[in-house]
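# Close look at the chain arrangement
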Amino acid sequence: MTDAKKLFVKTYGCQMNVYDSERMVEALAASGYVTTDQVEDADMVLLNTCHIREKASEKLYSDLGRLRGLKAARPGLKVGVAGCVAQAEGEEILRRSPVVDLVVGPQAYHRLPAMVEAGERLVDTEFPVEDKFSLLPKRTAMRGPAAFLTVQEGCDKFCAFCVVPYTRGAETSRPVARLLDEARGLVAQGVREITLLGQNVNAYHGAGPDGAWGLARLVRELAGIDGLRRLRYTTSHPNDMEDDLIAAHGDLPALMPYLHLPVQSGSDRILKAMNRRHSADQYLRLVGRIRAARPDILLSSDFIVGFPGETEADFQATLDLIRAVGFGQAFSFKYSARPGTPAAEKAPVPAEIADARLRDLQALITAQQHSAQEAMVGREAEVLYEKPGRLPGQMVGKSGHLHAVHVQDPEGRIGDLVRARVSASSSNSLAARLLSRIA
Ligand code: 5AD
Ligand code: SF4
């Protein structure tokens, strides 16, 4: 195509947005757009935004400010805002930022090409009833050996701090047949690892040939796809960790020994105020059951410090829970009041106190992450190569435990699955010696 228009996409926030950006790129490819990584060359800039914390939302407006100059120099430039800030703020974005042409919420991506064609300033933040993914083109992009697959969207849990139930809407699950189709298509393109995505992925209950299927059944079916070597899923809620899913961790070799299971706090009082609907002890017992099924599983979590009303004793309870579990890694955040959520009405914890707690919690998590990595030294790991390393002849990939692993392997290719012995651990990755090629 000689007159291809150039599309620059910036993705903020979670893996779901990464997946959505990919699908929007494919939808716009049908209208003649090809991607560029040089914003100065772009005919269209698409910002796929995140609303989860205030800082994430603010990034949009600072980026839009920077685009003003570019639009002045390139009057034909189209600027689109997608994702959760688009959903939450809608028209307000057009009012606040004259540079923006299109605002499209996460449930309206399939209408993006038509909006671009229309050539006027438009907002679409409707929640359609149809499966938007089935209206997008088939997935065709060149891809690496590990891919995301959105199976579920939205959330009905209404944690008191969280905007997701408002921006992504009610929990909906995609039908089984579509997911199996999409997964087979990915494998046919060389994908060997699929991470199933959803804001509350283990609440999955998609329509199957014989009634609704839970996540465990979906995972078991996907594991049977020839050529698909690895499966993961994220993000899970502790209250939806059903027996069959726990059992799958014990008996499905394709299900990788890593689980992101956010607990947010270790204080029962704060968990209640957060509307999490479980206690610290229930979480610890759940972890016990998961480890009984898969003893070597690495656990990861999200934590919020400085939730309104959090006392020093509540914070110490969180540190106690972290010590009791022993996480492989975790994400931790200072509480950020989000407009429209119940917790935003309450008095905040002073910023200095929240900052100090965040530092203490992160120091503990970093120490646990390092000891989890150190524990791998001397052990065997299976590594799926994702890219060449910085040194000549070196490959980098992920282990089953989701550690980044460097392997010296001049014959190695992206997509190879190898067995290697871990020889060293550095701050964020492992080094390993090649033992054999698995496939
Ligand atoms: N403030 C701080 N962190 C938040 N998260 C969600 N909402 C907020 C908020 N208002 C965190 C939670 C969640 C992760 C994706 O982001 O820990 O699990
Ligand atoms: Fe938000 Fe997760 Fe709670 Fe749902 S379960 S409301 S996505 S924090």
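Each value, and the rule that gives it
- Residues numbered from 1 in each chain as written.
- Chains lettered and ligands numbered in written order.
- Predicted model: local features only at pLDDT ≥ 70, side-chain atom pairs only at ≥ 80, totals over all residues.
- Heavy atoms only, no water.
- Helix = DSSP H or I, 4+ residues; strand = E, 2+ residues; numbered from the N terminus.
- Rg over C-alpha atoms; globule rule 2.2 N^0.38 Å.
- Buried < 20%, exposed > 50% of the residue type's maximum accessible area, 1.4 Å probe, protein only.
- Areas by Shrake-Rupley, 256 points an atom, 1.4 Å probe, with all protein chains shown as cover.
- Lys, Arg positive; Asp, Glu negative; His and termini not counted.
- Charge placed at Lys NZ, Arg CZ, Asp CG, Glu CD.
- Pairing = 2+ DSSP bridges.
- Axes fitted to C-alpha atoms, helices over the stretch in contact; angles between N-to-C directions.
- Phe/Tyr/Trp six-rings, centres within 6.5 Å; stacked < 30°, edge-to-face > 60°.
- Lys NZ or Arg CZ within 6 Å of the ring centre and 35° of its normal.
- Contact = heavy atoms within 4.5 Å.
- Near = heavy atom within 4 Å.
- Nonpolar A, V, L, I, M, F, W, Y, C, P; charged D, E, K, R; others polar.
- Domains from an automatic or database assignment.
- Buried area = accessible area lost by both parts, 1.4 Å probe.
- Salt bridge = Lys/Arg side-chain N within 4 Å of Asp/Glu carboxyl O.
- Polar contact = N/O pair within 3.5 Å; in protein donor to acceptor, adjacent residues only side chain to side chain.

Attention now goes to the overall build of the chain. Assigned secondary structure in the chain consists of 14 helices and 21 strands. Over its C-alpha atoms the chain spans a radius of gyration of 22 Å, differing by no more than 12% from the 22 Å that the globule rule assigns to 439 residues. Taken along its principal axes, the extent of the C-alpha atoms in the chain is 60 × 60 × 50 Å. Out of the 439 residues in the chain, the part that is buried amounts to 53%. Accessible surface, the chain: about 19200 Å² in total, of which carbon and sulfur atoms supply 52%. Computed over 54 positive and 54 negative side-chain charges, the separation of the two mean positions in the chain equals 3 Å.

Our focus in this paragraph is the sheet that holds strand β14 (residues 258–260). Taking strand neighbours across the sheet as the criterion, the three strands line up as β14-β15-β16 in an open arrangement whose pairing is parallel. With partners counted over all chains shown, the strands left at the sheet margins are β14 and β16 (329–334), one partner each. Ignoring strand direction, the axes of neighbouring strands in this sheet form an average angle of 15 degrees.

A few words on the packing of aromatic side chains. What the rule picks out here adds up to four aromatic pairs. Taking 5.6 Å as the distance between ring centres and 75 degrees as the angle between the ring planes, the aromatic pair formed by Phe158 and Tyr166 counts as edge-to-face. For Phe158, a relative accessible area of 36% gives the class partly exposed. Geometrically, the ring pair formed by Phe303 and Phe327 is edge-to-face, given 5.6 Å between the ring centres and 85 degrees between the ring planes. In this pair, Phe303 sits in strand β15 (residues 298–305) while Phe327 sits in the loop between α13 (312–325) and β16, placing the two residues 24 residues apart along the sequence. The pair formed by Phe303 and Phe327 is uniform in burial state, with each residue classed as buried. Taken together, the ring pairs in this structure connect Phe161, Phe307 and Tyr335 into an aromatic cluster. The ring centre of Phe333 lies 3.6 Å from the NZ or CZ of Arg53, which sits over that ring.

A separate point is the environment of His278. Residue position: His278 is located in the loop between α11 (268–273) and α12 (280–293). Residue His278 is classed as buried on the basis of its relative accessible area of 8%. Not counting residues up to four positions away in its chain, the partners in contact with His278 are His237, Pro238, Asn239, Val263, Leu271 and Tyr283.

The environment of ligand 2 is formed by Cys155, Lys157, Phe158, Cys159, Phe161, Cys162, Val164, Pro165, His237 and Arg276. Class assignment for the residues of the shell around ligand 2 results in seven nonpolar, one polar and two charged.

If you walk across this open sheet you meet the six strands as β2-β1-β3-β4-β5-β6, and the pairing is parallel. Both edges of this open sheet fall to β2 (33–35) and β6 (122–124), since each of them pairs with a single strand only. Recorded for the sheet is a direction-independent mean angle of 20 degrees between the axes of neighbouring strands. In the sheet, strand β4 (residues 78–82) pairs with strand β5 (residues 102–104) via three bridges, with the strands oriented parallel. Note that in β5 the partner of Ala82 across the bridge is Val104. Across the sheet, helix α1 (residues 15–29) touches β1 (5–11), β2, β3 (44–49) and β4, and the angle it forms with β3 is around 155 degrees. Packing of helix α2 (residues 54–73) onto the sheet brings it into contact with β1, β3 and β4, and relative to β3 it is tilted by some 175 degrees.

The domain boundaries assigned to the chain delineate domain 1 (5–124), domain 2 (144–374) and domain 3 (380–438). Computed over C-alpha atoms only, the centres of domain 1 and domain 2 are separated by 28 Å. At the boundary of domain 1 with domain 2, total buried surface from both sides reaches about 1600 Å², with 56% on carbon and sulfur atoms. On the domain 1 side of the interface with domain 2, the three residues burying the most area are Met16, Tyr19 and Arg53, jointly 38% of the side's total. Taken together, the connections running from domain 1 to domain 2 amount to two salt bridges. In this structure, the connection of domain 1 to domain 2 is made through eleven residue pairs in polar contact (both at pLDDT 80 or more). For the side of domain 1 that touches domain 2, the elements supplying multiple residues, two or more each, are α1, α2 and α3 (83–89). When residues in the side of domain 1 that touches domain 2 are grouped by element, the largest group, seven residues, is from α1. Across the side of domain 1 that touches domain 2, the residue classes break down as seven nonpolar, six polar and four charged.

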